[in-house]
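Structural features, examined
Chain by chain, the residues:
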Amino acid sequence: MAAEASPRYDVLVLGGGSGGYACALRCAQLGLRVALIERDKLGGTCLHRGCIPTKALLHAAEVADTARDGARFGVNSSVESIDMPAVLRYQQGVVSRLHKGLQGLVSAAAIDYIEGVGEVTSATTVRVGDETLTGRHLVLATGSRARSLPGLQIGGRVMTSDAALGLTHVPTSVIVLGGGVIGVEFASVFRSFGAAVTVIEALPTLVPAEEPSISKALERAFRKRGIECRTNARFAGVDQDEAGVAVRLEDGTTLNAEVLLVAVGREPVSAGMGFEAAGVATDRGFVPTDERLRTNVPGVYAVGDLVPGLQLAHRGFAHGVFVAEDIAGLAPAPVLDRTIPKVTYCDPEIASVGLTESAACAEYGDVQTYSYNLGGNGKSQILGTSGFVMVVRAVDGPVVGIHMIGARMGEQIGEAQLVVGWDAMPEDVAPLVHAHPTQNEALGEAHLALAGKPLHAHA
Ligand code: NAI
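Reading guide: rules and limits
Residues numbered from 1 in each chain as written. Predicted model: local features only at pLDDT ≥ 70, side-chain atom pairs only at ≥ 80, totals over all residues. Heavy atoms only, no water. Axes fitted to C-alpha atoms, helices over the stretch in contact; angles between N-to-C directions. Helix = DSSP H or I, 4+ residues; strand = E, 2+ residues; numbered from the N terminus. Parallel < 35°, antiparallel > 145°, perpendicular 65-115°, else oblique. Left-handed = near helix turned anticlockwise from the far one by under 90°. Contact = heavy atoms within 4.5 Å. Buried < 20%, exposed > 50% of the residue type's maximum accessible area, 1.4 Å probe, protein only.

Two numbers describe a pair of packed helices, the interaxial angle and the distance between the axes. For the pair helix H4 (residues 51–68) and helix H7 (residues 181–192), interaxial distance at closest approach is 8 Å and the crossing angle is 40°. Considering the angle they form, H4 stands oblique to H7. In the packing of H4 onto H7, the handedness of the crossing is left-handed. For the pair H4 and H7, contact is made by Thr54, Lys55, Leu57, Leu58, Ala61, Ala64, Asp65 and Arg68 and by Glu185, Phe186, Ser188, Val189 and Ser192, respectively.

Printed below as a string of structure tokens:
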């Protein structure tokens, strides 16, 4: 009875991915008694099956492209072969160093790390094996997993990103179903590694959530790289045998390849974990929350991919930190999806933050935009990349969106995010000196132009 009346923990965190471990670390810093429960590996999808291993493949792909394109810069070189087991050793080396570092951080913090499958038994209790943990607050951070389509069985030559990350050879040909973020990143990797690649996207453009001019530029660049892009294409079914896959489209076309990568989105992991025992409402598996990440049940929060909206690791970190500070009574500012930066690491890279032009028009009535072509940017010319930076401002108001495409443009997201996150006016950014020669100057030039004083651009 006494144990029930006085919970052992201030906070129970269910799930040790980006959202969960960030929450536990911040709770510990703030002196809250916290237990972090994880059934698999600390670090979750981002570290073991997502961001980190994928970006390692993308870096290996960039190395291959650099070697293949060397003659363009007067360096005669070629790619002899892609040694996938060696690529995977490099990838796993990165993952395992980061995993060890994270384990060290968590064990050095005052966190009770509990390995096991947690089941929510009430708003203040989680059962792990024979033990029941009690806490004043519960944070649900169980993340997401790759989804499939109804009737589309994953297995063998039909795989999601989970299996594609561990392929021990480069397939001769790949069909990618879904031209969203995962689809275009893997299409980019496989093409750089020498596979014939086709992307099937149901909507009219690749990366449909991006600014339309960015989507068009990506499609053009992909076609130039020899990636076949089938947009407005509806998937009808797939057959597989030892020879490969035959993918049927609704228009009657059949496409053949060695493997089919299914990248049609990710679904929340929430079933079978007792959320209903705590009375937590779900919507198609997601856990809706208010702006302060509170569920419908007092004391129960949700963070990361479980919460409807952007599914990004850094959103999860921000959610986790926010909840810890909210519980500690620090009244943190809510995490808003519209100021969360997004980077898609395909070649060419896409980076964006804030509103697209049409979303800004819907919100502000009228907007001004300026696109600065990387053709006028010295460093981009040195790198041999094309692309552009587009800045969207409310008329006579702050910058509300920045959209970029081109090699390495992901590195420019830091400044873009500060501009949008701080509601900066182009006139505030224009006097800031941007180092020369950098790709960063393209952002400077776009703001100069919007402030009415273009330097390396026409008014
Ligand atoms: P997504 O939602 O970005 O893209 C899925 C795509 O599949 C959409 O374009 C959709 O129209 C298309 N699609 C759906 N059903 C289809 C069908 N029957 N036939 C053809 N196309 C169909 O989802 P994705 O790419 O699986 O990524 C999941 C999440 O992971 C995203 O929220 C993404 O932001 C996140 N992520 C982020 C990364 C990054 O920040 N660099 C990297 C990888 C994933």
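What follows covers unusual backbone geometry. Of note, the bond from Asp347 into Pro348 is cis; its omega dihedral lies within 30 degrees of zero at 0°. Within the secondary structure, Pro348 is located in the loop between strand E18 (342–344) and strand E19 (349–354). His436 connects to Pro437 through a cis peptide bond whose omega is -5°. Mapping Pro437 onto the fold places it in the loop between helix H13 (426–429) and helix H14 (440–450). The phi torsion at Val207 lies on the positive side, around 30°, for a residue other than glycine. Of note in this structure, Arg284 is not a glycine but carries a positive phi near 50°. Summarising the element assignment, Arg284 is placed in the loop between strand E16 (266–268) and strand E17 (300–302). The exposure class assigned to Arg284 is exposed, which follows from its relative accessible area of 74%.

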